[in-house]
Amino acid sequence: MKNNWRSFLSVIVVAILLVPTIFAPLALAGESSVSSPTVESLAMPEVSLEKAIQIVKTNFDVPTQYTDFSSSYNTYDGRQVWTLRWNGTAERPGEFAAEVNAINGDIVSMNYWKNEDQLANSPSVPTITKAEAQEISNKLLSRLLGKRTEELSLIPSELEIVPLNYGPFNYSLQYQRLINGVPFLSNGANVQVSSTDGHITSYNLNWNDVKAPEVKGVISVDQAQQAFVAAPFFKLQYWIPASYRPLLAGQKQEAKLVYQLRGENNGGAIDALTGLPLQLKQGEWLATDQGGVGGMGSAKSERANSVSDGAQVLTPQEQQEVERTAKLLKQDEAIAAVKRWVEIPDNLTLRSANLSKDWRNDDKRIWSFEWSIIETDTKEGNSKYINARVSATTGELLGFAISTQQNDKTEVKLDRAAAQKLAEEFLKKVQPERFSQVVLDPETDLISKMSPEPWNNQAFSYRRVVNGVDFPENGIIINIDPVAGIVTNFELNWSEYDLPGLSGILSKDKAVESFLKARPLTLTYVRIYSNGIPGDLRLVYLPIAKDRSIPISNILDAKSGELLDYQGQPVEKGPKPYSFTDLAEVTGAAEITVLGQAGLFGDYGNSFKPHEKMSVASMLRAMYLSRFGLWGNMGLTEKEVINKAKELGWLTEDLKPSDPVNRELLAKVLMRYIQLNKLAELKDIYQVSFQDSDQISSDALGYVAIASSTGIIKVEGQVLAPRETVSRAEAATALFRALGWHN
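All of the points below concern the structure found in this document. Because the structure is a prediction, the values reported are computed rather than measured. (Residues numbered from 1 in each chain as written. Predicted model: local features only at pLDDT ≥ 70, side-chain atom pairs only at ≥ 80, totals over all residues. Heavy atoms only, no water.)

To continue, consider the side chain of serine 391. Its location among the elements puts serine 391 in strand 16 (residues 383–391). In this structure the side chain of serine 391 is engaged in a polar contact, spanning 3.2 Å, whose partner is the backbone nitrogen of threonine 394. (Helix = DSSP H or I, 4+ residues; strand = E, 2+ residues; numbered from the N terminus. Polar contact = N/O pair within 3.5 Å; in protein donor to acceptor, adjacent residues only side chain to side chain.)

Time to look at the nonpolar core. Membership of the largest hydrophobic core comes to 58 residues, with the highest contact counts inside it found for Phe601, Met619, Met623, Leu666, Leu670 and Leu735. Elements represented by at least two residues in this core include exactly helix 13 (589–597), helix 14 (616–628), helix 15 (638–647), helix 16 (663–673), helix 18 (701–709) and helix 19 (728–742). Among the elements that take part in this core, helix 19 stands out by supplying 8 residues, more than any other. Non-local contacts of methionine 619, meaning those with residues more than four positions away in its chain, are made with Met614, Val661, Leu666, Leu670, Ala731 and Leu735. (Core = buried A, V, L, I, M, F, W, Y, C linked by side-chain atoms within 4.5 Å. Buried < 20%, exposed > 50% of the residue type's maximum accessible area, 1.4 Å probe, protein only. Contact = heavy atoms within 4.5 Å.)

Remark: helix 14 packs on helix 15, axes separated minimally by 9 Å, with the N-to-C direction vectors making an angle of 65°. At the point where helix 14 passes helix 15, the crossing takes the left-handed sense. Together, Val616, Ala617, Leu620, Arg621 and Tyr624 of helix 14 and Glu638, Val641, Ile642, Lys644 and Ala645 of helix 15 make up the contact between the two elements. (Axes fitted to C-alpha atoms, helices over the stretch in contact; angles between N-to-C directions. Left-handed = near helix turned anticlockwise from the far one by under 90°.)

Listed as buried for helix 5 (residues 221–230) are Ala224, Ala227 and Phe228. End-on view of helix 5: buried residues confined to an arc of 100°, all on one side of the axis. For helix 5, the exposed residues set more than 90 degrees away from the buried face come down to Asp222, Gln226 and Ala230. Against strand 10 (234–239), strand 11 (256–261), strand 12 (270–271), helix 12 (508–518), strand 22 (521–530) and strand 23 (533–543) lie the buried residues of helix 5. (Arc of directions from axis to C-beta.)

Attention now goes to the pattern of salt bridges. Counted under the stated rule, the structure contains 25 salt bridges. Taking the shortest distance from any N to any O, the salt bridge between arginine 663 and glutamate 724 comes out at 3.0 Å. Taken together, the positions of arginine 663 in helix 16 and glutamate 724 in the loop between helix 18 and helix 19 put the pair 61 residues apart, joining distant regions of the chain. With a relative accessible area of 7%, arginine 663 lands in the buried category. Shared partners join several salt bridges into a network, and the residues in it are Lys235, Asp441, Arg463 and Asp470. (Salt bridge = Lys/Arg side-chain N within 4 Å of Asp/Glu carboxyl O.)

Shown next, in the form of structure tokens:
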């Protein structure tokens, strides 16, 4: 509803254009090998294949064991590139690939993969620090780019999460190109450095030879901000975030009142010379860095033989579903509801009928039908298929689509205005109450407003308005065939949500002020593409976050003024790494640092408080997040964490979130976490050498024996003290070791 197909297509094209040159060329002009580098069929480039190989091997250490070499040459849109690939053997798989600009000899991409990187998938303390990785990256850029490195500036990435469960990770360093001290978006370099040994795993260069306008006569940031406030970029609307918790029976999802950046294809750009919103023509967009059976014959008799004579007792849930279904329309009644509005030709046969839940509301059921031609029908203009949906409770028409055979008729019966009149007459009959709550979407209408031609359906999109505020998630789409003069498509997108009132919302000016604090207007060079062809550079002000590792959000909570992620949660409260400042002389400091960089144990922000007692909730939360990820789980309450740990079998004891963790409990939860609990529960096979082994509970002996013998739990000397409360440092370090065993 929010985007029409044309804007969607534009986004896809932009995404393709902005993909770094890490990928293989789009078209291969030919292939060759080192033993026979003949390329007579190709136009000879400035840089030969032999020279391209030398350039790569001079600047990178190509593994000598990668002996399977191939190359390809590609020209596309003025781009000439040699692609070189060295592959390993079946015994030692891997690949080293590079692209070389065949005009000037620049290495534009390099990717190095070796199988050893995949084998070691346990968390480890990095050998190379981020500062050392940056130094390695800077030396590479100086060697490859020379004086051009003066035009590069490292983009901050202090909030990047370091994953735990994928083995040795790579530091990702992104550099922005500057011209005249102004960022040139979409130009720069990316380097990835291994945290294990410091080797370069990936390199990408995006560098265009362009003529940039001088930074003269530009407006100030304050003037740009005034223009941004006055521009129609921000609009108050209702918004439905992606739900991160299942709704309870009968529960409605709550909509949020938000201000959303609606810069369409210009990203909210202010022309730095005119002080007006940047105007783009149709087909133009900006290149920026901003932004998922077998046979049934015997089935009856087999099932009949398996049924017992005794009646099966239904569960309350099963009985409830039976009672609910009994109240629904029968199939013939639902078909009659469809035929009230849609004519089903005699040459079409019902091919499928389906009764299912509404994906937006588990309490609602929908009948879906499809009619189509069984035998070939050569008559032009006849329907090929019709599908339709109705409410299984009320018979309300929810949607239909008609597909017809093309014919040679070219006479247009309806112009745009007449098509709209027909559409609205239909909607007033089918959905009178809801039609009174919608308005024609002017943006969709503008793009769809083409002169009616044969087989050019006229599309109309209507969006819902509540309390004078747009609600794009709800609305109606309808298509009219201007030749046949009929409705060919109708789609009702309408769900029941809890819609908050307008009290306490920020004014637009305050909302813009909050938005620009998070993403300040920044003077930048941007390149305008027209129908896929790169054009000139323009000086504009764009709202850009200083730290690019923060998720980009265009949605601002209209009441709190916070930027929201796709689940409607404040971005500021989302996953982030922690740099603990109180780990000096703490045993396990290196391991705890890795856990902090992964976004775990942030109970006290950047203070870890290593000597405090570890609580049950804190320990189980870190375990859960390390297993199932941070996204969507950061907002779990302590009670929810405890319940999930019990569902997973990690916690069988009846404990409160604030209860302390003792050494015996630590052994139990970690062994259950790495699924060694069945082994730990075997009787009469375990012995431990601790002096206080008689204090270990009989049901905990196996857990303690495995946890201590594997080194997951370590104690000084021969005293275990199983009932002693463990510190946060000891528990976190034990979790780090357990992660290695689990992986």
